[in-house]
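Take a look at the letters that make up each chain.
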Amino acid sequence: MRATVCLPTYNERENLPRMIEALRPVLRDGDRVLVIDDNSPDGTGEVADELAAAHPFVAVLHRPHKEGLGRAYIAGFERALAEGAELLLEMDCDFSHDPADVPRLIEAAENGADLVLGSRYVPGGGTRNWGLARRLISRGGSVYTGLFLHMGVKDPTGGFKCFRRQVLEQLDLDSVTPRGYAFQIEMTYRAKQAGFKVVEIPITFVDRVVGQSKMSRSVVLEAIWRVPLLRVGR
Ligand SMILES: Nc1nc2c(ncn2[C@@H]2O[C@H](COP(=O)(O)OP(=O)(O)OP(=O)(O)O)[C@@H](O)[C@H]2O)c(=O)[nH]1
Ligand SMILES: [Mg+2]
């Protein structure tokens with residue numbers, strides 16, 4: 001099945017060329033990378049254009065403003081679906097997600113999962129180089145989400161995923177509005193509600209070395225108020 005790795009970028013000019021190089025050997029013929037850049041002030045968009053000119057498997061979607069991860073992914077999904085992708089992956093461009101894990105996510109989808117989650121909290125998974133505060137926020141987010149949504153998912157806030165195209169076609173993407181962690185939670189919740197098969201596979205999440213995190217207090221707060229609302233169907 002043809003896969004497209006959707007790679008949102010905001011100020012990742014140092015990471016992006018290395019990421020494309022790292023993805024190249026793990027992708028198969030017909031697989032693609034779609035960079036979704038929100039007009040990064042550091043010029044990541046131009047770097048992406050140069051990479052796309054050099055590598056036929058790379059394409060770029062330029063967006064005019066930073067609107068958060070959720071909107072960037074939805075725009076990328078719509079493009080990749082229109083271009084015929086059968087599997088659509090979400091992945092960060094900061095090497096927190098190991099490109100070498102991409103074939104395992106794809107394999108799990110090809111073996112019957114509708115949505116594959118790279119999971120830090122199943123046996124064999126974990127985090128590396130994260131301080132206590134980040135570990136607590138992440139664990140707390142999983143527990144909080146579990147209390148309200150009962151999804152049976154150990155790592156609902158993760159952003160290393162592989163969707164079968166049918167899942168994205170069936171969910172009403174335009175009505176998915178969150179930007180940060182809440183986006184990840186809502187996509188998985190909606191997939192579960194629609195009866196799709198969600199499978200977690202272990203990954204190790206490594207804190208970024210280069211560039212700056214866009215994680216913010218507002219991203220955490222958004223998840224805190226949105227998760228209970230999801231439960232009541234709003
Ligand atoms: N296009 C686009 N990409 C974004 C936006 N916000 C973050 N990203 C990208 O999304 C990926 C994940 O963002 P990070 O800044 O690493 O945020 P995070 O992974 O939630 O937080 P950390 O774990 O602290 O790194 C990276 O590739 C970012 O460049 C955005 O508003 N638009
Ligand atoms: Mg990150």
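Here, the structure is the one placed above.
Residues numbered from 1 in each chain as written. Chains lettered and ligands numbered in written order. Predicted model: local features only at pLDDT ≥ 70, side-chain atom pairs only at ≥ 80, totals over all residues. Heavy atoms only, no water.

**Things to note about the site of ligand 1**
Step number 1: As a structural note, the neighbourhood of ligand 1 is formed by 20 residues, with Glu12, Asp94, Arg134, Ser213 and Lys214 the closest of them.
Step number 2: Between isoleucine 36 and ligand 1, the recorded distance is 3.0 Å, taken from a backbone N or O atom to a nitrogen atom.
Step number 3: Contact between ligand 1 and arginine 208: an oxygen atom at 2.9 Å from a side-chain N or O atom of the residue.
Step number 4: Because more than half of its atoms lie within 2 Å of the grid, ligand 1 is assigned to the largest pocket.
Step number 5: Listing elements by their share of the shell around ligand 1, those giving two or more residues are β1 (3–9) and α3 (69–82).
Step number 6: Considered class by class, the residues forming the shell around ligand 1 number 8 nonpolar, 4 polar and 8 charged. (Near = heavy atom within 4 Å. Polar contact = N/O pair within 3.5 Å; in protein donor to acceptor, adjacent residues only side chain to side chain. 1 Å grid on protein atoms, 1.4 Å probe; cavity = no way out; pocket = protein on both sides within 12 Å on 5 of 7 lines; lining within 4 Å. Sits in = over half its atoms within 2 Å of the grid points. Helix = DSSP H or I, 4+ residues; strand = E, 2+ residues; numbered from the N terminus. Nonpolar A, V, L, I, M, F, W, Y, C, P; charged D, E, K, R; others polar.)

**Notes on the packing of aromatic side chains**
Given two aromatic rings, their pairing is described by the distance between the two centres and the angle made by the two planes.
Step number 1: Scanning the entire structure with this criterion turns up 5 aromatic pairs.
Step number 2: Considering the side-chain rings of tyrosine 73 and phenylalanine 77, the 5.7 Å spacing of their centres and the 20° angle between planes classify their relative orientation as stacked. With a gap of 4 residues between them, tyrosine 73 and phenylalanine 77 both fall in helix α3, about one helical turn apart.
Step number 3: Here the aromatic residues Tyr73, Phe77, Phe163 and Phe183 are joined through ring pairs into a cluster of three or more.
Step number 4: In this structure, arginine 120 is placed above the aromatic ring of phenylalanine 205, and the distance from its NZ or CZ to the ring centre is 5.1 Å. (Phe/Tyr/Trp six-rings, centres within 6.5 Å; stacked < 30°, edge-to-face > 60°. Lys NZ or Arg CZ within 6 Å of the ring centre and 35° of its normal.)

**Notes on a nonpolar patch on the surface**
Step number 1: A cluster of nonpolar side chains, contributed by Trp225, Leu229 and Val232, occupies part of the molecular surface with about 300 Å² of accessible area.
Step number 2: On the secondary structure map, valine 232 appears in the segment after α8 (217–231).
Step number 3: We classify valine 232 as exposed; its relative accessible area is 58%. (Patch = residues over 30% accessible without salt bridge, like charges linked within 9 Å, V, L, I, M, F, W, Y side chains within 5 Å. Areas by Shrake-Rupley, 256 points an atom, 1.4 Å probe, with all protein chains shown as cover. Salt bridge = Lys/Arg side-chain N within 4 Å of Asp/Glu carboxyl O. Buried < 20%, exposed > 50% of the residue type's maximum accessible area, 1.4 Å probe, protein only.)

**What to know about empty space enclosed by the protein**
Step number 1: Counted by the stated rule, this structure contains 1 cavity of 30 Å³ or more.
Step number 2: The computed volume of the largest cavity comes to approximately 100 Å³.
Step number 3: Surrounding the largest cavity, Arg2, Thr4, Gly30, Arg32, Val33, Leu34, Ala59, Ala80, Glu83, Gly84 and Ala85 form its lining.
Step number 4: With 3 residues, the single largest contributor to the lining of the largest cavity is strand β2 (residues 32–37).
Step number 5: Of the residues that constitute the lining of the largest cavity, the class distribution is 5 nonpolar, 3 polar and 3 charged. (Points joined across faces, edges and corners; volume = space filled by probe spheres on them.)

**Quick look at unusual backbone geometry**
Trans peptide bonds make up the majority, and among non-glycine residues the majority have a negative phi.
Step number 1: Look at asparagine 39: it is not a glycine, yet its phi comes out positive at around 55°.
Step number 2: Secondary-structure assignment places asparagine 39 in the loop between β2 and α2 (44–54).
Step number 3: For histidine 150, which is not glycine, the phi dihedral falls at a positive 45°.
Step number 4: Summarising the element assignment, histidine 150 is placed in the loop between α5 (132–149) and β7 (161–164).
Step number 5: The class of histidine 150 is exposed, set by a relative accessible area of 56%.

**Points about the sheet that holds strand β8 (residues 198–202)**
Step number 1: The strand order across the open sheet built from 7 strands is β3-β2-β1-β4-β7-β5-β8, with neighbouring strands paired in mixed fashion. Every interior strand has two partners, whereas the edge strands, β3 (58–62) and β8, have only one. Recorded for the sheet is a direction-independent mean angle of 20° between the axes of neighbouring strands.
Step number 2: Across the sheet, α3 touches β1, β2, β3, β4 (87–90) and β7, and the angle it forms with β1 is around 150°.
Step number 3: Strand contacts of helix α7 (residues 181–193): β4, β5 (115–119), β7 and β8, with the helix running at about 35° to β7, the strand carrying the most contacts. (Pairing = 2+ DSSP bridges. Axes fitted to C-alpha atoms, helices over the stretch in contact; angles between N-to-C directions. Contact = heavy atoms within 4.5 Å.)

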